[in-house]
Amino acid sequence: MSSGISPQDVVKALRAVKDPDLGRDIVTLGFVKDLEVGDNRVSFTLELTTPACPVRDQLLAQARAAVAALGVSNVDVRMAAQAPQRPDGHSLIPRVKNTVAVASGKGGVGKSTVAANLAVALQRAGAKVGLMDTDVYGPSVPVLMGGSDAPRVVEGKIEPPIEYGVKIISMGYFLPKDEAVIWRGPMLHKTIHQFLGDVRWGELDYLLMDLPPGTGDIQLSLSQTIPLTGAVIVSTPQDLALTVAAKAIAMFQKLNVPILGIIENMSYYLCPQCGHREEIFGHGGAREAAQKFGFPFLGEVPLDPSIRVHSDNGKPVALDDSTAYGKAFQTVAGALAAQVSVANFQTAQDISIE
Amino acid sequence: MPPVPAKIKLAAGNNTLVIQWSDGHESTYPYRYLRSRCPCATCEEAGPPPEQAVGGLPILGQKPLHPARAELVGRYALQIFWSDGHSAGIYAFDRLRKLCPCTECRALRETAAW
């Protein structure tokens, strides 16, 4: 009976499937590719905008059901993912599709830990990921990611070390452990420029940038040198951290960098002895702040000694998604990837100068 | 999202730079006007040049000036490299929009100030 089904019928049926984040149907979004309609058989590729898509399974099931409802018994859907090339990519990093700053305002809220785990979680979802440690004074990424080899320089370009599939650059690789960087602003600017342009990043879906605390030279250099896809704000739940986070938000707004969302770190502590849940810094403050400012809330990460132990040992907890903490980071990474896709549809700038 | 430039024409004729904005508005900036409002620290300190030169013919004291090129600064600003070598000013998009000299925008600004 299905011999009467045309490709148009299938496309029409698939138009009923909507991406909840982008708010449009999967045909309009261009997700449906290589459609083939045969005798009682339909096959196509569903190409999403990120390998870490949190609604991947939902879209797949809905697309299958929509075609099956036409009376087709053999529905073959191949899943693929391709982060779109933005029109406002930069010549310094031409093959990096998305640049995301991980910021906080206040120090000590776990920015670097969150950045490292998000990088690992995105990589495990199938994305090509880079992690740039822009905290020149207090680089912590080499410890978090467990690398020890200094980057090699080949033909004047730095080969970034790869840990857990993530390409990494950090000032920590270039200095002996006990040495310190004691620099003024212009040197920081040069370093940021080199970390972008002189590192062989190659093709990346996401380049995450772990920022130092504050709203100073490095934040400004980064925001001026490349058009950032967006910034993620990490905060602990208490008012003190959120008050300073508001400063970081104000800075990014002034620099026209979209805020992709807010992550609550150290959200609560589960006592391993009795299971009691202690909300050391309060709870839900970042979610409330996200609502107040009108930004997406990307999720919460608990405070737990195992996250600290894994971090100190250079094995991010996100490597193991069988644990609650690994799952927490996976969820946040999925939410972040979805917001990057949204930003690509809404805020990509295509400015021509002639 | 506040409006951002969609198209910037450095040499739009008649010694002007034209910006077509994402909301459809078009701004035409005479070079001298834009340069006299350079937001760099040195120029801000010096203040705008006197409107009336001695003798009543300010145009005689001015050398020709044009933007040799311009670059985008991140997502929020335009850096203009003027033909006389000055390039320190970073013109944020919102500031450029506020500087729009068209009658409509001028009237809006005066109402707001009043």
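Small disclaimer: the values here were computed from a predicted structure and weren't measured.

Caption draft 1: Representation of the domain arrangement of chain A within the structure. Residue and element names in this part refer to chain A. Here the domain parsing of chain A yields domain 1 (2-81) and domain 2 (99-346). Centre-to-centre, using C-alpha coordinates, domain 1 lies 35 Å away from domain 2. With 9 residues of domain 1 at the interface, the matching set in domain 2 holds 14 residues. Classifying every residue of the side of domain 1 that touches domain 2 gives 6 nonpolar, 2 polar and 1 charged.

Caption draft 2: Focus on the sheet that holds strand 2 (residues 16-21) of chain B. On the basis of which strands lie adjacent, the open sheet formed by 4 strands has the order 15(A)-1(B)-2(B)-3(B) and mixed pairing. Looking at the sheet topology across the chains shown, the edges are occupied by strand 15 (352-353) of chain A together with strand 3 (26-30) of chain B. Inspection of the sheet shows strand 15 of chain A paired to strand 1 (residues 5-9) of chain B by 2 bridges, in the parallel sense. If you follow Ser 352 of chain A over to strand 1 of chain B, its bridge partner there is Lys 7 of chain B.

Caption draft 3: Structural context of the pairing of strand 10 (residues 206-210) of chain A. All names here are of chain A. The buried fraction of strand 10 amounts to 5 of the 5 residues, a majority that puts the element mostly inside the structure. Along strand 10, one buried face is formed by Tyr 206, Leu 208 and Asp 210 and the opposite face, lined by Leu 207 and Met 209, is buried too. Across 4 bridges, strand 4 (residues 99-103) lies against strand 10 in parallel orientation. Counted as the bridge partner of Ala 101 is Met 209 from strand 10. By the bridge criterion, 5 bridges tie strand 5 (residues 129-133) to strand 10 in an arrangement that is parallel. Considered in strand 10, the bridge of Met 132 is made with Met 209.

The rules we used
Residues numbered from 1 in each chain as written. Chains lettered and ligands numbered in written order. Predicted model: local features only at pLDDT ≥ 70, side-chain atom pairs only at ≥ 80, totals over all residues. Domains from an automatic or database assignment. Contact = placed C-beta atoms within 7 Å. Nonpolar A, V, L, I, M, F, W, Y, C, P; charged D, E, K, R; others polar. Pairing = 2+ DSSP bridges. Helix = DSSP H or I, 4+ residues; strand = E, 2+ residues; numbered from the N terminus. Buried ≥ 20, exposed ≤ 12 C-beta atoms within 10 Å, placed from the backbone.

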